[in-house]
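Here is how the chains run, residue by residue.
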Amino acid sequence: MTIAAFLASVSLCLMAAISPGPAVLMAARVGLKHGWRSGCALAFGIGVGAVLWAMAALFGLTLLFDYAPIALVVLRILGAAYLIWMAWTIWRTAHEPLDETTQFVLPQTAVSAFRLGLFTQFSNPKAAVFFGAVFAGTVPPNSSMIALAALLFCIFLGEFGWNTLVARLFSLDKTRQRYISLKTVIDRVFGGLLALLGVKLAMI
């Protein structure tokens, strides 16, 4: 893999990570509600999920979708259902006051936050389509294992770094105080956006 091809693949993955979607929305919400430490754990799960999607694309995900297109349909429907379920949960509890004493406590454990990030990434068919159709086509077939490992590491850094930054920005005191005063509205906006993403994915 040439340096130009490597940089092109990394840039493409970084733009995909930055683009609005379920992962970014969840990082913002967790940062607001649970603080930066939870956001870091969530972002770590999102980064690992992206790497697993990329590995699947490099080692046969594209072939699976070509020979069994129903697999992509099932994945899309399951992902949409998960997003809509999360949206309903957020909407239903939007009116509940925020517990200031537990504001910066991880949701149960760091593993729970990590798992939420992982599930959020796995339930996102956009990631499957991006890595299976777009990303895989930018990686030369004769790339060395070292180049592929470096590429996967950069994908993780991009996803982890961006979502950690989002969580950090939304965990700042001024942002948090604004969130507390507008919790019902903000939570329902988050829930509505997740629901719209879910419906959009189900109808593709």
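Throughout, a residue's number is its position along its own chain's written sequence, starting from 1. Reporting in this predicted model follows two pLDDT cut-offs: at least 70 for local features of residues, and 80 or more for side-chain atom pairs to be given and counted; totals over whole chains, interfaces and linings ignore these cut-offs and use all residues. Note: side-chain values were computed over all heavy atoms of the structure, leaving out hydrogens and water.

What follows deals with the overall build of the protein chain. What counts as a helix is a DSSP run of H or I of at least four residues, what counts as a strand is a run of E of at least two, and both are numbered from the N terminus. Counting secondary structure elements, the protein chain contains nine helices and zero strands. Put simply, the protein chain has 204 residues, and 43% of those count as buried. By sequence separation, contacts in the protein chain at least 24 residues apart represent 90% of the contacts at least 6 residues apart. In the form shown here, the protein chain has an accessible surface area of approximately 10,500 Å², with 76% of it arising from carbon and sulfur atoms. When a residue's accessible area, from a 1.4 Å probe over protein chains only, is under 20% of the maximum for its type it is buried; when over 50% it is exposed; and in between it is partly exposed. Only heavy atoms matter for contacts: two residues are in contact if any of them lie within 4.5 Å across the pair. We get accessible surface area from the Shrake-Rupley algorithm with a probe of 1.4 Å; when it comes to residues, only the shown protein chains can shield them.

On to the packing of aromatic side chains, then. Think of it this way: a Phe, Tyr or Trp ring, Trp meaning its six-membered ring, pairs with another when their centres are within 6.5 Å, and the plane angle makes it stacked under 30 degrees, edge-to-face over 60, tilted otherwise. Considering all chains together, one arrives at five aromatic pairs under this definition. Judged by centre distance (5.8 Å) and plane angle (45 degrees), the ring pair of Phe44 and Phe114 falls under tilted. Taken together, the positions of Phe44 in helix H3 (residues 36–67) and Phe114 in helix H5 (residues 110–122) put the pair 70 residues apart, joining distant regions of the chain. What makes Phe44 partly exposed here is its relative accessible area of 39%. Clustering of aromatic rings is evident, with ring pairs tying together Phe44, Phe114, Phe156 and Phe160. Two thresholds decide whether a charge sits over a ring: the Lys NZ or Arg CZ must be within 6 Å of the ring centre and within 35 degrees of the ring normal. Sitting above the plane of the Trp36 ring, Arg168 keeps its charged end 5.6 Å from the centroid.

As a further point, take the packing of helix H2 (residues 22–34) against helix H7 (residues 145–171). Orientation is described by axes fitted as lines to C-alpha atoms, over the contacting stretch for helices, and by angles from 0 to 180 degrees between their N-to-C directions. The N-to-C vectors of H2 and H7 enclose an angle of 35 degrees; their axes lie 7 Å apart at closest approach. When you trace H2 past H7, the crossing you get is right-handed. Note on element contacts: H7 touches H2 through Trp162, Asn163, Val166, Ala167, Phe170 and Ser171, opposite Ala23, Val24, Ala27, Ala28, Gly31 and Leu32. Gly counts as polar in this scheme, as do all residues outside two lists: the nonpolar Ala, Val, Leu, Ile, Met, Phe, Trp, Tyr, Cys and Pro, and the charged Asp, Glu, Lys and Arg. Across the contact of H2 with H7, the residue classes tally to nine nonpolar, three polar and no charged. Crossing chirality is assigned from the near helix's rotation relative to the far helix, an anticlockwise turn below a right angle marking it left-handed and a clockwise turn marking it right-handed.

Turning our eyes to something else, we now look at the nonpolar core. In terms of nonpolar packing, the biggest core is built from 17 residues, with Cys13, Trp53, Ala54, Phe131, Leu151, Leu152 and Ile155 touching the most fellow members. Listed by contribution, the elements that provide at least two residues to this core are helix H1 (3–18), H3, helix H6 (125–138) and H7. For our purposes a nonpolar core is just a set of buried Ala, Val, Leu, Ile, Met, Phe, Trp, Tyr and Cys residues, chained together by side-chain atoms within 4.5 Å. Counting 13 residues, the second largest nonpolar core, distinct from the first, contains Ala23, Val30, Leu42 and Met86.

Our focus in this paragraph is H5. Here, expected helix span is obtained from the residue count minus one, scaled by 1.5 Å. When the terminal C-alpha atoms of H5 are compared, their 18 Å separation across 13 residues agrees well with the 18 Å that a helix rising 1.5 Å per residue should span. Here H5 has its buried residues at Ser112, Ala113, Gly117, Leu118, Thr120 and Gln121.

Moving on, we come to the confidence of the model for the protein chain. For the protein chain, the mean per-residue pLDDT works out to 77, and 75% of the residues sit at or above 70. Per-residue confidence from the predictor is reported as pLDDT, a score between 0 and 100. Within the protein chain, the lowest mean pLDDT, 67, falls on H6, and the highest, 90, falls on H7. In this model residues 100–106 is a low-confidence stretch, pLDDT under 50, and it forms 18 contacts with partners more than four residues away in sequence or in other chains.

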